[in-house]
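# Notes for the structure review
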Amino acid sequence: MLRSKAFNLLKCIQLMSGQPKLAYKGIHPVIASHGHRSHRSVAYKQRYKTGAGSAGGRTLSAPQTKAMSEQELPGLLILDIGGTYGVQENIVALLKKHFCLITMKEFLENKKEMSKKIQSIFVSECRPTVDQELLESLPNLKVIGNSGVGVDHLNLKIISNFGVKVTNTPHAVADSTADIGMALMLASARRLVEGSQIAISPHTKYFAVDWLGVEVTRATLGIIGMGRIGYKVAQRARAFEMKILYHNRKQREEEEQAVGAHYCEKMEDLLQQSDFVMLVVNLTPETHKMIGKKELGLMKPTATLINIGRGALIDQDALVEALQNNVIRAAALDVTYPEPLPRDHPLLKLNNIIITPHIGTATVQAIQMMAEEAIANMLAVLNGQPIPSEVFPK
């Protein structure tokens, strides 16, 4: 239903044997050089082939290419290999099967030679920064493969003006991101973090009988954004016998029937009825601070706000006020703006909030599947074949 027809012009990428051992996925700070780019709405076109044999039970497909020596492989620009911000070693090994990797340091040290070789850029964790200066220095650049769904860190219009394609990885991230949304909802409802602290505290002598959470089972969940991830959340919520409401730009009748969801044309109706509100939308000019003081005021005082989209979807000042004054019961955020928050930020001082370090896709399987999907996209562009997951400027 949500999967596209098999992309028969592609052949399967051979995966590395066994499950890779990944380094810890660190929290990346906002780096000043990245700047704050204008956020643009995007549309997606995807073709996806699934099957056994890949990490997570999926096989992504890539265009057929003849065997080439490393010198003949197309040049791929990455920020770095390993370290705090570089591409993880096992993903590097996967990329090297199809590309000649060039780090940003190597490029800057030898721009004249390297600029001619680079045909693609692999963007992971919003790095490297793709700005006009970089685009002007890469005359043979054809594609930017973004590892992840959100592309608010890329100026799609400027990139398109250079004739460069942009792709993302919507299929690889859906399950892991939906899982973190459910984890946050359950943890907040049952006060899991606070309870753990009580259980291990050296000062705890007994467990209070009036220390209570709220039920998730048979509660009402309002999903804002019924795309791939939103639908996966709804599938999981159905197992908890939840009443599922959703707000989306367009009604998704086939999906809502499959999970028993109810469409709310007006977001206000969803906010007023939901026990849990989960944000699962991309960051665009239209969705920037879509949840502010007015919207929080419409929610039940017993409701919980969950964000697995982007931090800037919420007016964080309004959220602080709402949590301090018990306008809503709690919040659970996997994303903030900026990331990480300044250590003196008021959100960090509240006891009715859970904040995780943007770990929606931080699993061994998801990281590898994102790389596979990005590779399939980039090779499709370089071989002049239909692109499985292209992102277009509005």
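Calculation notes
Residues numbered from 1 in each chain as written. Predicted model: local features only at pLDDT ≥ 70, side-chain atom pairs only at ≥ 80, totals over all residues. Heavy atoms only, no water. Helix = DSSP H or I, 4+ residues; strand = E, 2+ residues; numbered from the N terminus. Buried < 20%, exposed > 50% of the residue type's maximum accessible area, 1.4 Å probe, protein only. Contact = heavy atoms within 4.5 Å. pLDDT = per-residue confidence, 0-100. Pairing = 2+ DSSP bridges. Right-handed = clockwise from strand over helix to strand, strands pointing away.

### Some details on the environment of Asp131
Within the secondary structure, Asp131 sits in the loop between strand 6 (118-124) and helix 4 (132-136). On the accessibility criterion, Asp131 (27% relative accessible area) is partly exposed. Asp131 sits 27 residues away from Ile158 along the chain, and the two C-alpha atoms are 8.4 Å apart.

### Remarks on the environment of Leu319
Locating Leu319 in the fold gives a position in helix 12 (residues 316-324). With 12 residues separating them in the primary sequence, Leu319 and Ala331 have C-alpha atoms 8.5 Å apart. Discounting residues that sit within four places of it in the chain, Leu319 has contacts with Leu296, Leu305, Ile314, Ile328, Ala331, Leu333 and Leu347.

### A closer look at the confidence of the model for the chain
Averaged over all residues, the pLDDT of the chain equals 87, while 82% of them reach at least 70. Here residues 1-68 is modelled with pLDDT under 50, and outside its nearest four sequence neighbours on either side it reaches 185 contacts, counting other chains as well.

### Section: the pairing of strand 13 (residues 304-307)
Here strand 13 shows two buried faces, one formed by Thr304 and Ile306 and the other by Leu305 and Asn307. Pairing geometry for strand 12 (residues 276-279) and strand 13, over 4 bridges, is parallel. When the sheet's bridge partners are listed, Val277 is paired in strand 13 with Leu305. Since strand 12 and strand 13 lie parallel, the crossover through helix 11 (residues 293-298) that links them has a hand, and here it is right-handed. As defined by bridge partners, strand 13 adjoins strand 14 (residues 330-333) across 4 bridges and the pair is classed as parallel. Among the inter-strand pairings, Ile306 is bridged to a residue of strand 14, identified as Ala332.

### Brief notes about the environment of Asn90
Note that Asn90 resides in helix 1 (residues 89-96). Residue Asn90 is classed as buried on the basis of its relative accessible area, which comes to 9%. Each C-alpha atom of the pair Asn90 and Ile367 lies 9.9 Å from the other, and the pair is 277 residues apart in sequence.

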